[in-house]
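Chain residues, written in single-letter form:
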Amino acid sequence: KPRKIKKKSTKGFSKNRPLAGLKGAFVLSGTGEVELSGESGSSLTTEYEDDATYGVNGFFAFPVAQNLRVGGSVWLWPKWDIKVDGASDDSDGDDATGLDLNLIAEYALDFGKIDGFAYAEGGVALVFPPESEDENVDSEPETGVGYNVGGGFGGGFPISRQLALRVDVKFTVYSVTTSTDIGSQTLETTAAGNRLTLNAGVAFG
């Protein structure tokens, strides 16, 4: 009688199943340049430090090939702020809110008990400015619109076949432009920079 061969079980995620997750992000570093330009053609450019501090990310992806998933990713930055060089550290106003709406592609890597992964994502970057307290401003700043592109890599630590803890590092470049009416002039502010984040959370798949 033929002997049945017992299949070896795996504790890791299946590389060919849908995946969804939620994670928090801590900003390790970030720099950039902000350019202020008016209708007269004059402009002023200065450097800044990213002061976003933290963010929250939700994502989902579906398998399209062996070890490859594609899907969507949403990043929320409750404290989207930049610290311009030479400016005071004191800030009495409210911070802006950032929202990134992205497409994501993730490639799964097999490291035995640890599930490695590398991913790239990009899409639309939105910034919702706080209400202005400047009496010379005729209207509130418009929602900032731009783009963001980034990628990262990390590892998943399976708790079960459907749940894992995930940690990764991500680098992102972005550019967002906001318009504000001041008197008879329209002032455009463009913040273009980069952001390095450490991310941790859970994934279901």
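Predicted model only: the values in this text are computed from it and were never measured.

Rules used throughout
- Residues numbered from 1 in each chain as written.
- Predicted model: local features only at pLDDT ≥ 70, side-chain atom pairs only at ≥ 80, totals over all residues.
- Heavy atoms only, no water.
- Salt bridge = Lys/Arg side-chain N within 4 Å of Asp/Glu carboxyl O.
- Helix = DSSP H or I, 4+ residues; strand = E, 2+ residues; numbered from the N terminus.
- Buried < 20%, exposed > 50% of the residue type's maximum accessible area, 1.4 Å probe, protein only.
- Pairing = 2+ DSSP bridges.
- Phe/Tyr/Trp six-rings, centres within 6.5 Å; stacked < 30°, edge-to-face > 60°.
- Lys NZ or Arg CZ within 6 Å of the ring centre and 35° of its normal.
- Core = buried A, V, L, I, M, F, W, Y, C linked by side-chain atoms within 4.5 Å.
- Contact = heavy atoms within 4.5 Å.
- Polar contact = N/O pair within 3.5 Å; in protein donor to acceptor, adjacent residues only side chain to side chain.
- Patch = residues over 30% accessible without salt bridge, like charges linked within 9 Å, V, L, I, M, F, W, Y side chains within 5 Å.
- Areas by Shrake-Rupley, 256 points an atom, 1.4 Å probe, with all protein chains shown as cover.

1. A look at the pattern of salt bridges
Turning to step 1, where the next piece is worked out: Summed over all chains, the structure comprises six salt bridges.
Turning to step 2, where the next piece is worked out: When the shortest N-O distance is used, the salt bridge between Asp50 and Arg195 registers 2.6 Å. Residue Asp50 is found in strand β2 (residues 43-50), and its partner Arg195 is found in strand β10 (residues 185-204); the two are separated by 145 residues along the sequence. For the residue pair Asp50 and Arg195, the accessibility class agrees, reading buried in each case.
Turning to step 3, where the next piece is worked out: The salt bridge partner of Arg69 is Glu106, with a shortest N-O separation of 3.4 Å. Taken as a pair, Arg69 in strand β4 (residues 68-80) and Glu106 in strand β6 (residues 96-111) lie far apart in primary sequence, 37 residues in all. Pair check on accessibility: Arg69 and Glu106 agree, each one buried.
Turning to step 4, where the next piece is worked out: Via salt bridges that share partners, Arg69, Glu106 and Arg166 belong to a single interconnected network.

2. Structural notes on the pairing of β10
Turning to step 1, where the next piece is worked out: Where strand β1 (residues 19-37) meets β10, 17 bridges bridge the pair, whose relative direction is antiparallel. Looking at β10, one finds that Ser37 is bridged to Glu188.
Turning to step 2, where the next piece is worked out: Across 20 bridges, the pairing between strand β9 (residues 163-182) and β10 is antiparallel. Of the residues in β10, the one forming a bridge with Val176 is Ala191.
Turning to step 3, where the next piece is worked out: The antiparallel pairing of β9 with β10 creates a hairpin that spans two residues between the two strands, and Gly183 there sits at a positive phi of about 65°.

3. As for the packing of aromatic side chains
Turning to step 1, where the next piece is worked out: If you walk through the whole model with that rule in mind, you get four aromatic pairs.
Turning to step 2, where the next piece is worked out: Over the ring of Phe117 we find Arg166; its NZ or CZ atom is 3.8 Å from the centre of that ring.
Turning to step 3, where the next piece is worked out: The lysine or arginine in question, Arg195, covers the ring of Trp77, its NZ or CZ lying 4.3 Å from the ring centre.

4. Details of unusual backbone geometry
Turning to step 1, where the next piece is worked out: With phi around 70°, Thr53 is a residue other than glycine that occupies positive phi space.
Turning to step 2, where the next piece is worked out: Residue placement: Thr53 occurs in the loop between β2 and β3 (54-65).
Turning to step 3, where the next piece is worked out: Taking the relative accessible area as the measure of exposure, Thr53 reaches 31% and is therefore partly exposed.

5. Comments concerning the nonpolar core
Turning to step 1, where the next piece is worked out: Ranked by internal contacts, the top residues of the largest apolar core, which has 14 residues, are Tyr48, Trp77, Trp80, Val127, Tyr174 and Val176.
Turning to step 2, where the next piece is worked out: Residue assignment for this core shows that the elements contributing at least two residues are β1, β4, β7 (114-128) and β9.
Turning to step 3, where the next piece is worked out: When residues no more than four places from it in sequence are discounted, the contact partners of Trp77 are Ala25, Val27, Ala52, Tyr54, Gly55, Ala96, Thr97, Gly98, Asp100, Arg195 and Thr197.

6. A closer look at the environment of Glu121
Turning to step 1, where the next piece is worked out: Inspection of the secondary structure puts Glu121 in strand β7.
Turning to step 2, where the next piece is worked out: For the pair Glu121 and Ala105, spaced 16 residues apart in the sequence, the C-alpha separation amounts to 6.3 Å.
Turning to step 3, where the next piece is worked out: The contact partners of Glu121, leaving out residues within four places of it in the chain, are Ser73, Trp75, Asn102, Leu103, Ile104, Asn148, Val149, Gly150 and Lys170.
Turning to step 4, where the next piece is worked out: Within the structure, Glu121 has its side chain in polar contact with the side chain of Trp75 (distance 3.0 Å).
Turning to step 5, where the next piece is worked out: Among the polar contacts made by the side chain of Glu121, one reaches the side chain of Asn102 at a distance of 2.8 Å.

7. Things to note about the environment of Gly150
Turning to step 1, where the next piece is worked out: With respect to the helices and strands, Gly150 occurs in strand β8 (residues 144-158).
Turning to step 2, where the next piece is worked out: The spatial distance from the C-alpha of Gly150 to the C-alpha of Lys170 is 6.9 Å, given a sequence separation of 20 residues.
Turning to step 3, where the next piece is worked out: Excluding residues within four positions of it along the chain, Gly150 makes contact with Ala120, Glu121, Lys170, Phe171 and Thr172.

8. Topic: a nonpolar patch on the surface
Turning to step 1, where the next piece is worked out: Taken together, the side chains of Phe26, Leu28, Phe111, Ile114, Phe157, Ile159, Leu165, Val167 and Leu198 make up a nonpolar region of the molecular surface, amounting to roughly 830 Å² of accessible area.
Turning to step 2, where the next piece is worked out: When contributions to the nonpolar patch are tallied by element, the ones reaching two or more residues are β1 and β9.
Turning to step 3, where the next piece is worked out: Looking at where Leu198 falls in the secondary structure, it is placed in strand β10.
Turning to step 4, where the next piece is worked out: When its relative accessible area of 38% is taken as the criterion, Leu198 is described as partly exposed.

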